[in-house]
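Observations on the three-dimensional arrangement
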Amino acid sequence: MSNGKNVLLEVQNLKKYFDTPRGPLHAVDDISFKLFEGETLGVVGESGCGKSTLGRTILRLIPSTAGKIIFNGTDITHIRRKDLRELRKQMQIIFQDPFASLDPKMSVFQIINEPFKIHKLYKDKQERFNRVTELMEIVGLDPHYIINTYPHELDGGRRQRIGVARALALNPKFIVCDEPVSALDVSIQAQILNLMMDLKDELDLTYIFITHNLSVAKHISDDILVMYMGKMVEKASSDRLFENPLHPYTKALLSAIPIPDASYKGKEAEVLQGEVTSPVMPSENCRFSPRCPLAREECFSASPEFVEVEDKHYVACHLIKKCNN
Ligand SMILES: Nc1ncnc2c1ncn2[C@@H]1O[C@H](COP(=O)(O)OP(=O)(O)OP(=O)(O)O)[C@@H](O)[C@H]1O
Ligand SMILES: [Mg+2]
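Now for a description of the structure that goes with this document.

Reading the values: rules and limits
Residues numbered from 1 in each chain as written. Chains lettered and ligands numbered in written order. Predicted model: local features only at pLDDT ≥ 70, side-chain atom pairs only at ≥ 80, totals over all residues. Heavy atoms only, no water. Axes fitted to C-alpha atoms, helices over the stretch in contact; angles between N-to-C directions. Helix = DSSP H or I, 4+ residues; strand = E, 2+ residues; numbered from the N terminus. Parallel < 35°, antiparallel > 145°, perpendicular 65-115°, else oblique. Left-handed = near helix turned anticlockwise from the far one by under 90°. Contact = heavy atoms within 4.5 Å. Salt bridge = Lys/Arg side-chain N within 4 Å of Asp/Glu carboxyl O. Buried < 20%, exposed > 50% of the residue type's maximum accessible area, 1.4 Å probe, protein only. Pairing = 2+ DSSP bridges. Near = heavy atom within 4 Å. Polar contact = N/O pair within 3.5 Å; in protein donor to acceptor, adjacent residues only side chain to side chain. Areas by Shrake-Rupley, 256 points an atom, 1.4 Å probe, with all protein chains shown as cover. Phe/Tyr/Trp six-rings, centres within 6.5 Å; stacked < 30°, edge-to-face > 60°.

Quick look at the packing of helix H6 (residues 156-168) against helix H7 (residues 186-203)
As a packed pair, H6 and H7 sit with axes 10 Å apart at the nearest point and diverge in direction by 20°. Overall, the two elements H6 and H7 adopt an arrangement that is roughly parallel. The element H6 and its partner H7 pack so that their crossing is right-handed. Mapping the contact onto sequence places Gly157, Gln160, Arg161, Val164 and Leu168 in H6 and Ile188, Gln191, Ile192, Leu195, Leu199 and Leu203 in H7.

Some points on the pattern of salt bridges
Close approach of charged atoms lets side chains of opposite charge pair. Applying the stated criterion across every chain yields a total of twelve salt bridges. Across the pair Lys105 and Asp103 runs a salt bridge, and its minimum N-O distance is 3.7 Å. Of the residues examined, Asp103 reaches a relative accessible area of 29% and is grouped as partly exposed. Put simply, Asp155 and Arg158 hold a salt bridge, and the shortest N to O gap is 3.0 Å. According to the relative accessible area criterion, Asp155 is partly exposed, its value standing at 37%. Three or more residues are tied together by salt bridges with common partners; here these are Arg80, Lys82 and Asp83.

Looking at the sheet that holds strand S4 (residues 66-71)
Taken in spatial order, the four strands line up as S2-S1-S4-S5 in an open sheet, and their pairing is antiparallel. Of all the strands in the sheet, just strand S2 (23-36) and strand S5 (74-75) have a single pairing partner and so form its edges. Sheet topology note: the S4/S5 ladder contains two bridges and is antiparallel. Residue pairing across strands places Ile70 opposite Asp75, the latter belonging to S5. The sheet strands contacting helix H1 (residues 51-58) are strand S1 (7-20), S2 and S4, and the helix crosses S1 at an angle near 115°.

A look at the site of ligand 1
Inspection of the region around ligand 1 gives Phe18, Leu25, Ala27, Glu46, Ser47, Gly48, Cys49, Gly50, Lys51, Ser52, Thr53 and Glu179 as its neighbouring residues. In this structure, an oxygen atom belonging to ligand 1 sits 3.1 Å away from a main-chain N or O atom of Gly50. Here an oxygen atom of ligand 1 sits 2.8 Å away from a polar atom, N or O, in the side chain of Lys51. If ligand 1 stood free it would expose 640 Å²; the protein chains cover 61% of that surface. Looking at the shell around ligand 1, the elements that each hand over two or more residues are S2 and H1. Broken down by element, the shell around ligand 1 gets its largest block of residues, three residues, from H1.

Focus: the packing of aromatic side chains
In total, this model carries seven aromatic pairs according to the counting rule given. Note on Phe71 and Phe174: the rings are 5.9 Å apart at their centroids and 50° apart in plane angle, and the pair reads as tilted. Of the two residues, Phe71 is situated in strand S4 and Phe174 in strand S7 (residues 174-178); the sequence distance between them amounts to 103 residues. Each of the two residues, Phe71 as well as Phe174, counts as buried. Consider the rings of Tyr228 and Phe288, whose centres lie 5.1 Å apart with planes at 80°: the pair is edge-to-face.

Side note on the environment of Leu272
Along the chain, Leu272 turns up in the loop between helix H10 (248-255) and strand S11 (307-310). Separated by 24 residues in sequence, Leu272 and Pro248 place their C-alpha atoms 9.7 Å apart. Contacts of Leu272, omitting those with residues within four sequence positions, involve Glu46, Tyr249, Ala252, Phe288 and Arg291.

This is how it looks when you write it as structure tokens:
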């Protein structure tokens, strides 16, 4: 408990390695955090840093390699298939592309009704119909016009509203939102973000919100976790991260926001050199060191610890640790 809130999700030293012909790919490497009920953790970082893999591993959509996932007080890391089915009701996911994630052969009614079929809920036809229309109204869709249409007949915003309604169907406590607005027009993005924030308050939801867009992360998150090549590099409250980013990678990400956020007082844009290399059998160094403008000898030889440098502000950087010791 903290501030009267319960910890809904605790992730301890979570790892997910994929077998590849060149060796194990460290997609998620030693991630730990606590997420309180009703809060949103934003997860940011460049493409391929492991955001989706982290979300999917937490939801048990893919098995973990090591570590623990504790949801609502229960260790779910290795729970059985039968129990996983029950867990699905409480943990849901909203995907990035509302077109690819909706079956084009199914009508809107069939899509939102599907979770009820899978979980054998609302056997009474009228009751099901009522629940589907209620969910449509909750996400701002008019059932009268839309219930019998198909995804291709609708614009991206409406399609994503259907994805949200489907995720809400079973009354979940927790939703992993994996880039839910990235595929949408900018004008629609704000509508969907506002809808998701309203729903969070109305339905007491807890989110992990994955995005590569830092402005979006700031808008929606209580805390932000910055990932780099499977590792945690920085975590702080959303406000603090923008006011006082410490890791050179976070600074570079913030300075790369096209219209600099007024709350980030970075002096000049720092351009990241090089590209993210694949974390296949990475060496024991700071994974950011090959691209870091400040890297020193120790950065190339040892992996920095993730330490609390000010209240609830964590960073994994040899240089920052030095400053504060
Ligand atoms: N099934 C898989 N098998 C092998 N490697 C995988 C698999 N899924 C993901 N990866 C690799 O794991 C790493 C992390 O991928 P992931 O999709 O989690 O990144 P991401 O941060 O979500 O990227 P994006 O922003 O592009 O969605 C990448 O190097 C990716 O190639
Ligand atoms: Mg992804």
